[in-house]
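# A look at the structure
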Amino acid sequence: MNLVEMDELEIGFIGLGAMGMMYAKRLCEAGWKNINVCDLPSKYEQLKTTLAGSGLTVLKDGHAVSRRSDFIIYSVEAENIERVVAEYGPSTKLEAIVGGQTSVKEPEIRAFEKYLPDDAHIVTCHSLHGPTVHPKGQPLVLIRHRASDDKYNLVIRILSCLQSELVELSYKEHDRITADTQAVTHVAFLSMGTAWKTQMQFPWETPQYVGGIENVKINMTLRIYSNKWHVYAGIAIMNPSAEIQIRQYAQSVSDLFKLMIQEKQEEFENRVKEAGDFVFGKHAENRQPILLSDSILDRFSLSSVPSEQRKPNSHLSLMAMTDSWHKLGIRPYEHMVCQTPLFRLWIGIAEYLFRNTEMLDEAIRAALYDKDIRADDMEFYSASKGWAECVAVGNMAAYQKRFNDTAEFFKKRFPEGVRIGNEMIEVIKTHQRVGLGNIAHSDS
Ligand SMILES: NC(=O)C1=CN([C@@H]2O[C@H](COP(=O)(O)OP(=O)(O)OC[C@H]3O[C@@H](n4cnc5c(N)ncnc54)[C@H](OP(=O)(O)O)[C@@H]3O)[C@@H](O)[C@H]2O)C=CC1
Ligand SMILES: O=C(O)C(=O)Cc1ccc(O)cc1
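Residues numbered from 1 in each chain as written. Chains lettered and ligands numbered in written order. Predicted model: local features only at pLDDT ≥ 70, side-chain atom pairs only at ≥ 80, totals over all residues. Heavy atoms only, no water.

The following threshold applies: UniProt positions are given in the numbering used here, feature names are shortened, and annotations may be inferred rather than shown by experiment.
As annotated in an unreviewed UniProt entry, the protein chain carries the name Prephenate dehydrogenase [NADP(+)] and is attributed to Paraglomus occultum. Its UniProt record gives the protein chain the following Pathway (unreviewed entry) comment, quoted word for word: "Amino-acid biosynthesis; L-tyrosine biosynthesis; (4-hydroxyphenyl)pyruvate from prephenate (NADP(+) route): step 1/1." The record held by UniProt for the protein chain lists under Catalytic activity (unreviewed entry) the comment "prephenate + NADP(+) = 3-(4-hydroxyphenyl)pyruvate + CO2 + NADPH".

### Thoughts on the state of the cysteines
Operational definition: Cysteine sulfur atoms that come within 2.5 Å of each other are treated as a disulfide pair. The classification of residues rests on relative accessible area computed with a 1.4 Å probe and restricted to protein chains. Under 20% of the type maximum is buried, over 50% is exposed, and intermediate values are partly exposed.
What the rule picks out here adds up to 0 disulfides. With no disulfide of its own, C38 lies 16 Å from the sulfur of C125, the closest cysteine sulfur. For C38, a relative accessible area of 1% gives the class buried.

### A closer look at the site of ligand 1
Let me state the cut-off plainly: Only heavy atoms are used to decide nearness, and a residue is near a molecule or strand if one of them lies within 4 Å of it. By the criterion applied in these results, polar contacts are pairs of N or O atoms within 3.5 Å in which, for protein atoms, one can donate a hydrogen and the other can accept it, and in which residues neighboring in sequence qualify only through two side-chain atoms. Only the protein chains shown count as cover for residues, and the accessible areas themselves come from Shrake-Rupley with a 1.4 Å probe. Numbering goes from the N terminus for both helices and strands, where a helix is a DSSP run of H or I of at least four residues and a strand is a run of E of at least two. The classification used treats Ala, Val, Leu, Ile, Met, Phe, Trp, Tyr, Cys and Pro as nonpolar, Asp, Glu, Lys and Arg as charged, and all other residues, Gly among them, as polar.
In the vicinity of ligand 1 there are 26 residues, among which M19, D39, V76, S103 and K228 approach most closely. The side chain of K43 places a nitrogen or oxygen atom 3.0 Å from an oxygen atom of ligand 1. Measuring from an oxygen atom of ligand 1, one finds a backbone N or O atom of Q101 at 3.4 Å. In isolation ligand 1 offers 890 Å² of accessible surface; the protein chains occlude 88% of this area. Counting only elements with at least two residues in the shell around ligand 1, the list comes to α2 (18-29), α5 (81-88), β6 (121-127) and α10 (229-238). The class makeup of the residues in the shell around ligand 1 is 10 nonpolar, 12 polar and 4 charged.

Set out below in structure tokens:
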């Protein structure tokens, strides 16, 4: 590392929420000496007090940060990016590099092109994990939109301290891939949460939700609802590629649910198995399987129901996911370069279900004939439709209300769910390094 560069270069963060703070602190710990930060001017005094002695220089607003920083990272809500760049963009230092951390890049790039001076370089990024996950080994998307070689290489040097895996994409590629990996995954978990809440049912008290796969559903749903609504709303509503995926997911839930209640066994089974062959079958043999299993995931339980009382689940959410990948011709393993921990767990449990013929047949039987699970499936169908409509209308306020209503229902269990969720994510990280076969063996 060039020590003069670390002493002299100024790096700025506009927006000091969870992600901005995480980045600023990590860069500071790595030895970058001049880190300028700000949030809303109304938080200036408070931030000065809380960050006194931290090594970060707190400034009043984005003008002050922009005027003196050589690399500026906007780390604000996707919903606000245009307004914030419009306000502070014109104060950008001559020939500075500007980037952002928003999860959806089309609005961010549009704002940069519109409001930044022509001499500004644009290199933007997206860490594909939440603020509480260690960035080491996680994908970090880097988008070189308008930058000289020198400036681009400088950004790589600065962000290298995160120890993430760099994935170089255009902003359009980024939005297309994250619509597949993130937007649709979130809708599945959001719908589970809404369905449970509508029935006033805590899944950890219910016999259908006992066991490893169910632990992923429960803990990841709690993880999403404990995060901020705007993160998910931005990904779903502001990414131009997301609506089609979400619409298809809701359609797949609806199509499968209709076949289930009409007990059209052959049609249902064929459709589910064809989808499974497309995603997990022969053609996918070259890819690296994730190989999660119930035995690995069993220990991450919030459940109070003894495992002997476990009842079969239809796994409508996973069947619909696989069906929707099939209908849209998406091969999800091709997107693993942009995996988030949540996506990895999600595709991991779908893979586990579809590779395990006995379990898949049990789920198909439960879907068609088990009346106990029908009520849950009906609520899940209705919730996924509601989320898809909300995204199609594009109303952020409606999204916020739906999200917060459900979050409120689950909030007492957030600390525990998030703690266990973090442990699950650690396990899949280890698994990425050593191969899950080894872990499965030592666990069993
Ligand atoms: N959380 C996550 O898991 C991840 C989030 N991201 C993305 O990173 C971005 C930030 O997310 P996150 O940190 O979680 O969200 P936060 O809500 O924690 O942080 C955003 C911060 O920006 C502030 N802000 C808004 N307007 C301005 C302004 N004009 N000037 C200065 N600060 C402003 C907000 O203040 P106020 O709250 O008062 O509006 C808030 O403190 C989002 O675009 C998100 O999509 C990316 C990866 C993961
Ligand atoms: O893993 C997920 O999908 C998460 O929920 C965390 C997350 C949220 C937003 C991002 O832009 C990146 C990661």
